[in-house]
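Summary of structural features
So the chains spell out like this:
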There are 2 protein chains.
Amino acid sequence: MSKSSVTPTRTKRVGTQLTPEAIIEASLRIAARGSADAFTVRRLGEELGADPTAVYRHFRDKDELLLSVADRTLGEVLDSIPPGLGWQDRLRALADASLAVALKYPVVSSAMASRTTRRANEFRVVELILGAVTEAGLDGADAAVHYRMVGDSLLAYVGQRAAYLLFDPEVRAADESSWTREYRLVDAGGFPHITRLGQQLAEVTHDQIYHARVEALITAISQRAEAVRGS
Amino acid sequence: MSKSSVTPTRTKRVGTQLTPEAIIEASLRIAARGSADAFTVRRLGEELGADPTAVYRHFRDKDELLLSVADRTLGEVLDSIPPGLGWQDRLRALADASLAVALKYPVVSSAMASRTTRRANEFRVVELILGAVTEAGLDGADAAVHYRMVGDSLLAYVGQRAAYLLFDPEVRAADESSWTREYRLVDAGGFPHITRLGQQLAEVTHDQIYHARVEALITAISQRAEAVRGS
DNA sequence: ACACTGTTGTCAACAGTGTTGTCATTACTG
DNA sequence: CAGTAATGACAACACTGTTGACAACAGTGT
């Protein structure tokens, strides 16, 4: 073992050499499994084949790790947006991709619904939205406000969907059947609209709501652009 | 008890002191203090002057308690909506009241951003929104979908604002200054819009975003109502 | 070649969380 | 008044994120 470079460097602490990248990828693997409470430091250690606390050599907190992971998912979103679209379709593509990625890594998206990463890929998303509202005809404060409207709304919607996906199946079932249970039992006199629309309320799909919310954003931008064009 | 009325009835435990109502009110008191991690079972016990686990005699879990507390806050929202408004102003009043209550009990609102209580006051809110979209001219599936759009969006926005309020002041400061820090350092070539709008982005207020998001919902309803009226 | 320095993984431990089971006392009911 | 159900106190459990001490490594300058 003296001079021999052949000696297999007997590392007692065998480590799967940990890097920030490896930790982020392990986090994504765990997040992709879809369980609500699986993304814990200890399970992350298992996934990495290392001691859980080793993660703290590469990230200050779990929160800092979460932000890094979230920024990676933002990269996935951006990569799946095709170029060469008009501003409306670009926003629709962003919404579609955001939702898809959010449902792929629900824990991440649900935890980020009120957060901001302030990292590389977030800048790209901001730039994308600003480009869209600019192309729509907005500028200055109008562009800034409408960017926030779009960005925050998208984040919120996608986080809601992700959180819903994280619920136990039983909770979700109770929620879906509530329209045909609790809401059917309300007093018809005091709640005429619920009584009248009970059936339709039960049949609303996520896709319909998604469509309505996304189109509402686009319409708002169009309207504002038209208003400033007229002045 | 007649003869022994003199004996100071040494009740080590003073009979039934805890009621669901008292627990809910203690929860609201804690929530109103605005701290993010103060709403815990043990502190609830302190606030009640009782053993923390006694709460479980009145609520199955902390989640069921949360739902009850949330429904109470919904009641506060409804009570502050004046009658006799048109559908648009009624929705605006609902949004205003929801935001006010959310900022009053941030922990509750932030925890409920993706939840539904399925309790008494939620029915009243649903009825209110359905009444508004009906008055706007929608019916059937249109009314149902647009109710969900409004309800979910409002819940999400208000939850975002509440969550933001729960952050440590330092985190919030970092967030607010990010537009004048990180975003100012981006490459002007790769991020022309961010570079151009940096100043405006830093100056966007919560009120502006709130206004844009609420009006977007109202506009979407109007537009849809006009479309179906034309057909 | 050697000591030095800083990094990284391991381990034990801590404070905190929600929750459950046990037990005695209180309140209610027939 | 007796019996039963409800209720609160207490101890304990499994879990969470996180920290400090220690040992094994990597790289560097002499």
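Computed from a predicted model, the values in this text were never measured in an experiment.

1. So, the overall build of chain A
The secondary structure content of chain A amounts to 10 helices and 0 strands. Ordered by position in the sequence, the α and β elements of chain A form the string α-α-α-α-α-α-α-α-α-α. Relative to the compact-globule value of 17 Å for 231 residues, chain A shows a C-alpha radius of gyration of 23 Å, a clear excess of over 25%. For chain A, the spread of C-alpha atoms along the three principal axes comes to 90 × 50 × 25 Å. Looking at chain A as a whole, 48% of its 231 residues are labelled buried. Across chain A, every contact between residues at least 6 apart in sequence was considered, and the portion connecting residues at least 24 apart equals 72%. Only carbon and sulfur atoms are counted for the fraction: they give 52% of the accessible area of chain A, which is about 11,700 Å².

2. Observations concerning the interface of chain B and chain A
Each partner contributes residues to the interface: chain B has 56 residues there, and chain A has 56 residues. Between chain B and chain A, the buried area comes to about 4,800 Å², and carbon and sulfur atoms account for 66% of it. Across the chain B-chain A interface, the total number found is 6 salt bridges. Among the ionic pairs, B:Asp139 bridges to A:Arg196, the shortest N-O distance being 2.5 Å. Our count for the chain B to chain A interface comes out at 16 residue pairs in polar contact (both at pLDDT 80 or more). Of all the elements in the fold, those that place two or more residues in the side of chain B that touches chain A are helix H6 (120-136), helix H7 (140-166), helix H8 (169-177), helix H9 (192-203) and helix H10 (206-230) of chain B. Among the elements that line the side of chain B that touches chain A, the one with the most residues is H7(B), at 15 residues. Of the residues that constitute the side of chain B that touches chain A, the class distribution is 29 nonpolar, 15 polar and 12 charged.

3. Quick word on the relation of the copies chain B and chain A
Relative to chain A, chain B is turned by 180° and slid 0.0 Å along the rotation axis, the superposed coordinates differing by an RMSD of 0.0 Å. Taken together, these values place the two copies in the relation of a two-fold axis. The overlap is high: 100% of the interface residues of chain B also sit at the interface in chain A, so the same surface is used on both sides.

4. What to know about the environment of A:Asp139
Checked against the element boundaries, A:Asp139 lands in the loop between helix H6 (120-136) and helix H7 (140-166). You can call A:Asp139 partly exposed: its relative accessible area is 47%. For A:Asp139 and A:Arg115, which are 24 residues apart along the polypeptide, the C-alpha to C-alpha distance reads 25 Å. Once residues within four sequence positions are removed from consideration, A:Asp139 is found in contact with B:Arg196 and B:Leu197.

5. A word on the pattern of salt bridges
Inspection of every chain in the model, using the stated rule, returns 32 salt bridges over all chains. The shortest N-O distance in the salt bridge between A:Glu47 and A:Arg29 comes to 2.6 Å. One end of the pair, A:Glu47, is in helix H2 (residues 41-48); the other, A:Arg29, is in helix H1 (residues 20-32), with 18 residues separating them in the sequence. A salt bridge links B:Glu25 to B:Arg72; the nearest nitrogen and oxygen atoms lie 3.2 Å apart. Linking B:Glu25 in helix H1 (residues 20-32) with B:Arg72 in helix H3 (residues 62-79), this pair joins segments that are 47 residues apart in sequence. A single salt-bridge network, built from bridges that share partners, covers A:Glu21, A:Glu25 and A:Arg72.

6. With respect to the confidence of the model for chain A
When pLDDT is averaged along chain A, the result is 92, and 93% of the positions lie at 70 or above. For the stretch residues 1-12 of chain A, pLDDT sits under 50, and the model shows 2 contacts to residues farther than four places along the chain or on other chains.

7. Digging into the side chain of B:Glu127
With respect to the helices, strands and loops of the structure, B:Glu127 is situated in helix H6. Of the side chains with opposite charge, A:Arg196 lies nearest to the buried B:Glu127, which makes no salt bridge, at 7.0 Å.

8. Describing the packing of H1(A) against helix H3 (residues 62-79) of chain A
Residue and element names in this part refer to chain A. One can describe the packing of H1 onto H3 by two numbers: an axis separation of 10 Å at closest approach and a directional angle of 75°. Classified by the angle their axes make, H1 and H3 are roughly perpendicular. Only Leu 65, Ser 68, Val 69, Arg 72 and Thr 73 of H3 make contact with H1, whose side of the interface consists of Glu 21, Ile 23, Ile 24, Glu 25, Ser 27 and Leu 28. A per-class count over the contact of H1 with H3 returns 5 nonpolar, 3 polar and 3 charged.

9. Some details on helix H4 (residues 87-104) of chain A
In an α-helix, one full turn covers 3.6 residues, which means residues spaced three or four apart are oriented alike. Residues and elements named next belong to chain A. Look at H4: 26 Å from first C-alpha to last across 18 residues, which is about the 26 Å you get at 1.5 Å a residue. Of all the residues in H4, the buried ones are Trp 87, Arg 90, Leu 91, Ala 93, Leu 94, Ala 95, Ala 97, Ser 98, Leu 99, Val 101 and Ala 102. Buried residues along H4 sit against H3, helix H5 (106-111), H6, H7 and helix H10 (206-230).

10. Description of the packing of H6(B) against H7(B)
Residues and elements named next belong to chain B. Packing of H6 against H7 leaves a shortest axis separation of 9 Å and a crossing angle of 125°. With respect to H7, the axis of H6 lies oblique. In terms of crossing hand, the pair formed by H6 and H7 is right-handed. Counting all contacts with H6, which are made through Val 126, Ile 129, Leu 130 and Val 133, the residues of H7 involved are Ala 143, His 146, Tyr 147, Val 150 and Gly 151.

11. Observations regarding the packing of aromatic side chains
Inspection of every chain in the model, using the stated rule, returns 12 aromatic pairs over all chains. Both rings, one in A:Tyr183 and one in B:Phe123, keep their centres 4.6 Å apart while their planes meet at 70°; by these two values the pair is edge-to-face. Linking A:Tyr183 in the loop between helix H8 (169-177) and helix H9 (192-203) with B:Phe123 in helix H6, this pair reaches from one chain into another. Since its relative accessible area comes to 12%, B:Phe123 is described here as buried. Centroid distance B:Tyr164 to B:Phe167: 6.2 Å. Interplanar angle 75°. Geometry classified as edge-to-face. Aromatic rings pair up to connect A:Phe123, A:Tyr147, B:Trp179, B:Tyr183 and B:Phe191 into one cluster. The ring centre of A:Phe39 lies 4.7 Å from the NZ or CZ of A:Lys62, which sits over that ring.

Procedures and definitions
- Residues numbered from 1 in each chain as written.
- Chains lettered and ligands numbered in written order.
- Predicted model: local features only at pLDDT ≥ 70, side-chain atom pairs only at ≥ 80, totals over all residues.
- Heavy atoms only, no water.
- Helix = DSSP H or I, 4+ residues; strand = E, 2+ residues; numbered from the N terminus.
- Rg over C-alpha atoms; globule rule 2.2 N^0.38 Å.
- Buried < 20%, exposed > 50% of the residue type's maximum accessible area, 1.4 Å probe, protein only.
- Contact = heavy atoms within 4.5 Å.
- Areas by Shrake-Rupley, 256 points an atom, 1.4 Å probe, with all protein chains shown as cover.
- Buried area = accessible area lost by both parts, 1.4 Å probe.
- Salt bridge = Lys/Arg side-chain N within 4 Å of Asp/Glu carboxyl O.
- Polar contact = N/O pair within 3.5 Å; in protein donor to acceptor, adjacent residues only side chain to side chain.
- Nonpolar A, V, L, I, M, F, W, Y, C, P; charged D, E, K, R; others polar.
- Least-squares fit on C-alpha atoms with pLDDT ≥ 70 in both.
- pLDDT = per-residue confidence, 0-100.
- Lys, Arg positive; Asp, Glu negative; His and termini not counted.
- Axes fitted to C-alpha atoms, helices over the stretch in contact; angles between N-to-C directions.
- Parallel < 35°, antiparallel > 145°, perpendicular 65-115°, else oblique.
- Expected span 1.5 Å × (residues − 1).
- Left-handed = near helix turned anticlockwise from the far one by under 90°.
- Phe/Tyr/Trp six-rings, centres within 6.5 Å; stacked < 30°, edge-to-face > 60°.
- Lys NZ or Arg CZ within 6 Å of the ring centre and 35° of its normal.

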